[in-house]
Amino acid sequence: MSTLVEAPPATNSPLSTVTARPRPFRLVRHSLALAKRSLIKTWRTPEALIDVTLQPVLFLVIFVYIFGGAVAGSTHDYLQFLLPGILAQTIATGAIAIGVNLNTDIAKGIFDRFRSLPIPRSAPLVGAVLGDVVRYVIVTISTLAIGYVLGFRIDSDPLRAIAGCLLAVLFALCLSWLPVLVAMKVRTPGAVQGLMFALIMPLSFASNVFVSADTLPGWMRAFVDVNPMTHLVAAVRGLFLGTPVGSHVWWTLAWCAGFVALFMPLALRAYRKKI
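The structure displayed is predicted, hence computed values, not measured ones. (Residues numbered from 1 in each chain as written. Predicted model: local features only at pLDDT ≥ 70, side-chain atom pairs only at ≥ 80, totals over all residues. Heavy atoms only, no water.)

Describe the nonpolar core, with residues and values.
Formed by 71 residues in total, the largest nonpolar core has its most connected members in Leu82, Leu102, Leu125, Trp177, Val180, Met184 and Phe240. If sequence neighbours within four positions are ignored, Met184 has contacts with Leu102, Ile106, Leu125, Ala267, Ala270, Tyr271 and Lys274. In terms of nonpolar packing, the next biggest core, distinct from the first, is built from five residues, Ala206, Ala213, Met220 and Val224 among them. (Core = buried A, V, L, I, M, F, W, Y, C linked by side-chain atoms within 4.5 Å. Buried < 20%, exposed > 50% of the residue type's maximum accessible area, 1.4 Å probe, protein only. Contact = heavy atoms within 4.5 Å.)

Encoded structure:
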């Protein structure tokens, strides 16, 4: 008489891997792992940080000492007015790099390797966006550092100043989904950079970054008043200098939510079609 013994299920079989239930926060876990990859890549190529370290220095020095006397009558007064605007402009243009890098990685076939891994399809994009937070923190620190060397001083309390920095970083983080979308649509990194500069520059100059919005022509004010950069600059300027911010903080947060709600789904959809 023989006894039938049921063999235990093979836990390491491919079938069990496929049919296993996904773990909670799987997207977050893989996105953070890929964000770490992006940070390591940035650490090994420090020249990629030139746009977020050298650019604010050049803009502040050039605009303060060439145009400060003519615009504000005093370089110090203009520096106090200009620095929050330069921070907003530089942190917005710094978001262009993520689109260029993603387009380059796609051309090199790196995303083909990601597709073969057992990770959520959207994890590479989410990880790339999260990894760029370090770039936005660096541009914030470098802008304030050179500003303090030139004579800029924060006139509000530390909590309001930190809130202004975090608001600028959040704006860039949400805006970065636009260059991600562009990277999925165009064929070359140069095209990503050219198209994004064509989109960012009007937002920067047709705003209150360099001059008060009250001095602009009436026909331009209609655009300036709804420009997301205008609200960001006004909010950061008020938080740094202790002046009233009005509803600019709420408008900036609304724009951030709009960027994510609009560009993130479009970018993920374009990514699934491209890869």
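That shown, we press on.
I'd love a proper account of the UniProt feature "transmembrane region" (unreviewed entry) in the protein chain, names of residues and values included.
Here the UniProt feature "transmembrane region" (unreviewed entry) sits at residues 48–72, 78–102, 123–149, 161–182, 194–213 and 249–268. End C-alpha atoms of residues 123–149 are separated by 40 Å, and the span's content is 96% helix alongside 0% strand. Between the C-alpha atoms that bound residues 249–268 there is a distance of 28 Å. The span itself is 100% helix and 0% strand. (UniProt positions renumbered as here; feature names shortened; annotations may be inferred. Helix = DSSP H or I, 4+ residues; strand = E, 2+ residues; numbered from the N terminus.)

Talk me through the packing of aromatic side chains; I want residue IDs and the actual numbers.
Under the counting rule described, the total for this entry stands at 10 aromatic pairs. When the ring of Phe63 is compared with that of Phe67, the centres are 5.4 Å apart and the planes differ by 35 degrees; the resulting orientation is tilted. Of this pair, Phe63 and Phe67 both sit in helix α3 (residues 50–72), four residues apart, which is roughly one turn of the helix. Classification of Phe67 by relative accessible area gives partly exposed; the value is 39%. Here the aromatic rings of Trp255 and Phe259 are separated by 5.8 Å at their centres, their planes lie at 35 degrees, and the arrangement is tilted. Remark: Phe259 and Trp255 occur in helix α14 (residues 248–274); sequence separation between them is four residues, near one turn of the helix. Connected via pairs of aromatic rings, a cluster forms that spans Phe59, Phe63, Phe67, Phe205 and Phe210. (Phe/Tyr/Trp six-rings, centres within 6.5 Å; stacked < 30°, edge-to-face > 60°.)

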